[in-house]
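As a plain string of letters, each chain reads:
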Amino acid sequence: MELKAIYECVLTGERDQIEGVIQRALSAGCRPADIINNALIRGMDEVGRKMKEGDMFVPEVLMAANTMKIGLQAVKPLMEGEETEAPGKIAIGTVSGDLHDIGKNLVVMMLEGAGFKVIDLGVDVSKDRFLQVIEEEKPDLIGLSALLTTTMKTMGETVQAIGGKVKTMIGGAPVTEDFADEIGASGYAPDAVTAVDLAKSLIF
Ligand code: B12
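In this report, the structure presented in the accompanying data block is examined. (Residues numbered from 1 in each chain as written. Predicted model: local features only at pLDDT ≥ 70, side-chain atom pairs only at ≥ 80, totals over all residues.)

## Description of the site of the ligand
Now for step 1: Neighbouring the ligand are 37 residues; Gly48, Ile102, Gly103, Ser145 and Gly171 lie closest to it.
Now for step 2: In terms of residue count, helix α3 (residues 32-53) provides more of the shell around the ligand than any other element does, six residues in total.
Now for step 3: Counting contributing residues per domain, the shell around the ligand is built from domain 1 (2-79) and domain 2 (89-203), each supplying no fewer than three. (Near = placed C-beta within 6 Å. Helix = DSSP H or I, 4+ residues; strand = E, 2+ residues; numbered from the N terminus. Domains from an automatic or database assignment.)

Structure representation (structure tokens):
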């Protein structure tokens with residue numbers, strides 16, 4: 001019931017309502033992970049379907065996306081601090097030309113929740129910026145996100161430019177394991193939970 005209300009809020013872009021609805025769900029005993037996976041992400045999936053079918057357009061999608069962001073912020077404090085010792089440093093960003101950041105933010109949140117130190121480079125991150133961060137921050141791992149078929153190309157170029165300097169993990173809706181092999185990325189994860197396991201396996 002409560003999860004359905006959160007899902008509806010994302011779908012209709014009710015950004016003023018989402019926090020209250022989430023608080024009610026938490027008070028009713030819903031787990032933060034369920035709120036993320038079974039309400040927020042499901043809502044965004046449905047938004048994606050509607051966008052594809054031409055039932056929703058960019059302004060409405062943007063409202064839904066903002067609502068999702070506020071929702072994620074409300075659950076974030078509850079996901080942190082499960083582990084204490086930082087298992088590694090990860091720099092992550094959405095590649096050049098791509099402004100989608102909801103999935104990337106979710107990955108950041110889960111990695112932080114798992115104790116990693118995360119440098120969030122934001123969106124539209126150029127190849128040179130990734131290289132600069134590798135030089136300056138010496139991360140153990142680089143994460144790259146792409147949501148457009150056009151920016152998958154940029155992702156490939158970026159991974160190739162990074163070469164063997166640091167391991168790379170990639171993700172985003174159009175990205176696949178095969179694509180990761182094709183561009184020479186160290187690993188691919190389909191979602192934020194798997195991204196944490198992947199990061200651990202790549203760093204250790
Ligand atoms: C929200 C959204 C937008 C919002 C973005 C808001 C924001 N701040 O992110 C706005 C309205 C701005 C937008 C704009 C555009 N969008 Co848009 N958008 C979407 C939508 C509906 C949802 C994306 C999303 O947030 N999903 C929810 C998150 C949780 O899922 P996710 O991103 O896949 O992330 C998960 C995994 O992929 C993985 N992951 C993600 N990143 C990473 C990184 C690593 C390292 C790892 C390991 C894992 C990982 O973990 C995440 C969590 O589980 C998708 C549809 C879809 N189904 O994907 C279209 C979609 C991606 N958009 C699309 C398009 C075409 C556009 C525009 C070109 C539209 C336009 N005409 O202007 C612009 C492009 C702007 C740009 N230059 O980037 C198309 C892309 C088509 C294609 N094949 O390239 C899609 C698929 C819609 C469609 N069906 O047509 N969009």
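## Describing the pairing of strand β1 (residues 89-95)
Now for step 1: Of all seven residues that make up β1, six are buried, and the element is covered over most of its length.
Now for step 2: Bridge analysis of β1 against strand β2 (residues 117-125) gives six bridges, and the strand direction is parallel. Note that in β2 the partner of Ile90 across the bridge is Val118.
Now for step 3: Here β1 runs beside strand β3 (residues 141-145); their pairing, made up of five bridges, is parallel. Looking across to β3, one finds that Thr94 is bridged to Ser145. (Buried ≥ 20, exposed ≤ 12 C-beta atoms within 10 Å, placed from the backbone. Pairing = 2+ DSSP bridges.)

## A few points about the packing of helix α6 (residues 127-137) against helix α7 (residues 149-162)
Now for step 1: Two elements in contact, α6 and α7, have axes whose closest approach is 9 Å; the angle formed by their N-to-C orientations is 30 degrees. It follows from the interaxial angle that α6 and α7 lie roughly parallel. The hand of the α6/α7 crossing is right-handed. Across the interface between the two elements, Lys127, Phe130, Leu131 and Ile134 from α6 touch Glu157, Thr158, Ala161 and Ile162 from α7.
Now for step 2: A class-by-class count of the residues in the contact of α6 with α7 yields five nonpolar, one polar and two charged. (Axes fitted to C-alpha atoms, helices over the stretch in contact; angles between N-to-C directions. Parallel < 35°, antiparallel > 145°, perpendicular 65-115°, else oblique. Left-handed = near helix turned anticlockwise from the far one by under 90°. Contact = placed C-beta atoms within 7 Å. Nonpolar A, V, L, I, M, F, W, Y, C, P; charged D, E, K, R; others polar.)

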